[in-house]
Amino acid sequence: MRLKYQDGSSMADHMNAFQGLINQMTLLDVLLLDEVLALLLLESLLNSWETLVATLGNPRPEGKHLSLARVKSSLLNEEARRKDREYETD
């Protein structure tokens, strides 16, 4: 998977493209664990997202796994936070 997020583009569009790749893999009978998908989505981000990636990628307490749903939610929240910050500086 060589999908890379482009700064300034919609995170929802990026996640839709990512889901499209997952759907294609599923059609080929390639199934990946939810935690692996979450890590692949994080890997698709640029260095400007490094702080969030590091925070989400930190080891969790025993029994707690990184989930794709949590990563998606965190990315949308971070995108909104960044847009608010841009609006405040304009």
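Every chain is numbered independently, its residues counted from 1 as its sequence is written. Residues qualify for local features only when their pLDDT is at least 70, as the model is predicted, and side-chain atom pairs are given and counted only at 80 or more; totals for whole chains, interfaces and linings, by contrast, use all residues. Side-chain metrics in this entry use all non-hydrogen atoms of the structure; hydrogen atoms and water are not considered.

Asks: Sorry, what's going on with the overall build of the protein here?
Replies: For the purposes of this entry, the term helix denotes a DSSP run of H or I that reaches at least four residues, the term strand denotes a run of E that reaches at least two, and both are numbered from the N terminus. Scanning the protein from N- to C-terminus turns up four helices and zero strands. Overall, the protein shows an N-to-C arrangement of helices and strands of α-α-α-α. Principal-axis analysis of the C-alpha atoms places the extent of the protein at approximately 50 × 30 × 20 Å. The contacts in the protein between residues at least 6 apart in sequence include a share of 68% that link residues at least 24 apart. Each charge class in the protein can be summarised by its mean position, and for the 10 positive and 14 negative side chains these summaries are 2 Å apart. In what follows, a contact means two residues having at least one pair of non-hydrogen atoms within 4.5 Å. Only four residue types enter the charge count: Lys and Arg as positive, Asp and Glu as negative, with His and the chain ends excluded. Where a charge lies is defined by one atom per residue type, namely NZ (Lys), CZ (Arg), CG (Asp) and CD (Glu).

Asks: Any chance you could explain a nonpolar patch on the surface here in plain terms?
Replies: A surface patch of nonpolar side chains, about 450 Å² in accessible area, is lined by L28, V30, L32, L33 and V36. Between buried and exposed lies partly exposed: a residue is buried under 20% and exposed over 50% of the maximum accessible area for its type, with that area taken using a 1.4 Å probe on protein chains only. On the basis of relative accessible area, L28 is assigned to the exposed category, the value being 66%. Patch definition: residues above 30% relative accessible area lacking any salt bridge, with like charges linked at up to 9 Å and the nonpolar side chains Val, Leu, Ile, Met, Phe, Trp and Tyr linked at up to 5 Å. Computed with a 1.4 Å probe, the accessible areas rest on the Shrake-Rupley method; for each residue, only the protein chains presented here act as cover. Salt bridges are defined as contacts in which a side-chain nitrogen from Lys or Arg sits within 4 Å of a carboxyl oxygen from Asp or Glu.

Asks: Help me understand the side chain of E78, please; the structure alone is not making it clear to me.
Replies: Examined against the element boundaries, E78 turns out to sit in helix α4 (residues 68-89). Here R82 takes part through its side chain, which lies 2.9 Å from a polar atom of the side chain of E78. Among all residues touching E78, those that are not within four sequence positions of it are W49 and L52. Whenever two N or O atoms come within 3.5 Å, that pair is a polar contact, provided that in protein one can donate a hydrogen and the other can accept it, and provided that, for residues adjacent in sequence, both atoms are side-chain atoms.

Asks: Is there a simple way to think about the pattern of salt bridges in this case?
Replies: When the charged atoms of two side chains with opposite charge come close together, those side chains can pair. Counted according to the given criterion, the structure contains three salt bridges. With a closest N to O distance of 2.6 Å, E78 and R81 form a salt bridge. Placement of both E78 and R81 in helix α4 is noted, with a separation of three residues, approximately one turn of the helix. Across the pair E79 and K83 runs a salt bridge, and its minimum N-O distance is 3.9 Å. One end of the pair is E79 and the other is K83, both in helix α4 and four residues apart, which spans about a single turn.

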